[in-house]
Amino acid sequence: MAVPVIDFSKINGDEREKTLSEIAKACEEWGFFQLVNHGIPLELLEKVKKLSSECYKTEREEAFKTSTPVKLLNDLLQKNSTEKLENVDWEDNFTLLDHSENEWPCNTSNFKETMVEYRGEVRKLASKMMEVMDENLGLPKGYIKKAFNEGMEDGEETAFFGTKVSHYPPCPHPELVNGLRAHTDAGGVVLLFQDDEYDGLQVLKDGEWIDVQPLPNAIVINTGDQIEVLSNGRYKSAWHRVLAREKGNRRSIASFYNPSYKAAIGPPEMTAAAEEGSEKKYPKYVFGDYMDVYANQKFMPKEPRFLAVKTL
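Structural notes, computed from the coordinates.

Reading the values: rules and limits
Residues numbered from 1 in each chain as written. Predicted model: local features only at pLDDT ≥ 70, side-chain atom pairs only at ≥ 80, totals over all residues. Heavy atoms only, no water. Helix = DSSP H or I, 4+ residues; strand = E, 2+ residues; numbered from the N terminus. Rg over C-alpha atoms; globule rule 2.2 N^0.38 Å. Buried < 20%, exposed > 50% of the residue type's maximum accessible area, 1.4 Å probe, protein only. Areas by Shrake-Rupley, 256 points an atom, 1.4 Å probe, with all protein chains shown as cover. Lys, Arg positive; Asp, Glu negative; His and termini not counted. Charge placed at Lys NZ, Arg CZ, Asp CG, Glu CD. Disulfide = S-S within 2.5 Å. Expected span 1.5 Å × (residues − 1). Arc of directions from axis to C-beta. Contact = heavy atoms within 4.5 Å. Axes fitted to C-alpha atoms, helices over the stretch in contact; angles between N-to-C directions. Parallel < 35°, antiparallel > 145°, perpendicular 65-115°, else oblique. Left-handed = near helix turned anticlockwise from the far one by under 90°. Nonpolar A, V, L, I, M, F, W, Y, C, P; charged D, E, K, R; others polar. 1 Å grid on protein atoms, 1.4 Å probe; cavity = no way out; pocket = protein on both sides within 12 Å on 5 of 7 lines; lining within 4 Å. Points joined across faces, edges and corners; volume = space filled by probe spheres on them. Pairing = 2+ DSSP bridges.

To continue, consider the overall build of the protein. For the protein, the count of helices and strands is eight helices and 14 strands. Here the protein has a C-alpha radius of gyration of 20 Å; the compact-globule value for 312 residues is 20 Å, and the two agree. Reported as C-alpha extents along the three principal axes, the dimensions of the protein are approximately 60 × 45 × 40 Å. Looking at the 312 residues of the protein, the share that counts as buried comes to 53%. Total accessible area on the protein is roughly 15000 Å²; 48% of this is exposed by carbon and sulfur atoms. Put simply, the protein has 39 plus and 52 minus side-chain charges, and the middle of one group is 1 Å from the middle of the other.

Encoded structure:
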């Protein structure tokens, strides 16, 4: 069993219907799939890989050696304990946001310019993917994007768009710590540019953890909790995790197109996603209120989160 790989260039050609069907099936059955020929220039992706690795090597690697995960693992080993560290991740990361120009976390030459360009390309791809989801769900074109952009005026988006740049350094005892604990993503559409050499990312499918196979220059797409709600459960947000590894320094660059914190999220009204007489399986709520719940329950079962959030 392998995570679906879809050629996105065929979405505008003679094989459009087939490609739409492949994406719909991947959203319904996996919540995870890989896009190739997605339109982001390969030269740009190569620069992103190179500069992200340089940034970690020159600015962050030494600090990780004295980080909390390393200290906790060393403490565990000194006690000769084999108990796994369940509340920490073997991960170094920082997040890039639209309005963080004055707080750029990496000084590597050309990194900022490259990531600004990359984030622009990924954001465009996210918009295309949401339109595909609209079409497959029988929703009006632009429905999901509009739902995420509460109060959008003159085309200026209010949705939250962030990019988490992560590295998972070699771990001397990967059996004792998680790379990243199992969770579903809180938001909307996640676009991941993962390492094409080192594996470790896994998705839960039918009770089995499946490797998300490294594929050069692919973009991994996964659906978050808000897509599950907006599709009234047709698309499920997928549980995923990252394993710690003894060898390799795995790179992971995940971009999140999430609703504005003020956006009202709920199942759609009269559409193919919520047919007449069908039960609405999720409440309607403000996304910021959902995030308050998620912050404390990220690594716990997701169903209680939908019940705990304040409803509209």
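Applying the stated criterion to the full structure yields one disulfide. Each sulfur in the disulfide pair Cys-55 and Cys-106 lies 2.3 Å from the other. Of the two residues, Cys-55 is situated in helix α2 (residues 42-64) and Cys-106 in the loop between β4 (92-97) and α4 (111-137); the sequence distance between them amounts to 51 residues. For the pair shown, Cys-55 and Cys-106 are each scored as buried.

Here helix α1 (residues 16-29) spans 20 Å end to end across 14 residues, near enough to the 20 Å set by a 1.5 Å rise per residue. Of all the residues in α1, the buried ones are Thr-19, Leu-20, Ile-23, Ala-24, Ala-26 and Cys-27. Taken around the axis of α1, the buried residues stretch over an arc of 165 degrees, which confines them to a single face. The outward face of α1, more than 90 degrees from its buried face, is lined by the exposed residues Glu-17 and Lys-25. Tucked into the core, α1 has its buried residues touching β1 (5-7), β2 (32-36), α4 and β10 (219-223).

Axis separation between α2 and α4 bottoms out at 10 Å; the angle between their running directions is 135 degrees. Our classification of the angle between α2 and α4 gives oblique. Regarding α2 and α4, the two cross each other, and that crossing is left-handed. Of α4, the residues touching α2 (which contributes Leu-44, Leu-45, Lys-47, Val-48, Leu-51 and Ser-52) are Phe-111, Thr-114, Met-115, Glu-117, Tyr-118 and Glu-121. Tallied by class, the residues present in the contact of α2 with α4 amount to seven nonpolar, two polar and three charged.

The next thing to look at is the layout of surface pockets. Taken as a whole, the largest pocket holds about 520 Å³ of empty space. As for the largest pocket, its lining consists of 29 residues, of which Lys-164, His-183, Asp-185, Phe-256 and Lys-298 are closest to the centre. Secondary-structure elements contributing two or more residues to the lining of the largest pocket are β5 (160-168), β6 (177-183), β7 (189-194), β11 (240-243), β12 (250-258) and α7 (287-297). Residues of the lining of the largest pocket, tallied by class, amount to 15 nonpolar, nine polar and five charged.

What follows covers the packing of α1 against α4. Contact geometry of α1 with α4 gives a least axis separation of 10 Å together with a crossing angle of 90 degrees. Of the possible angle classes, the one that applies to α1 and α4 is roughly perpendicular. Side by side, α1 and α4 meet where Arg-16, Leu-20, Ile-23, Ala-24 and Cys-27 of the first sit next to Met-129, Val-132, Met-133, Glu-135 and Asn-136 of the second. Residues of the contact of α1 with α4, tallied by class, amount to seven nonpolar, one polar and two charged.

Before going further, it helps to examine the sheet that holds strand β9 (residues 208-211). An order of β3-β6-β11-β8-β9 is seen for the five strands of this open sheet, with the pairing classed as mixed. On the outer flanks of this sheet lie β3 (85-89) and β9, each paired with one strand and no other. The mean angle between the axes of side-by-side strands here comes to 40 degrees, regardless of whether they run parallel or antiparallel.

So far we have only geometry, and geometry alone does not tell us how the molecule works.
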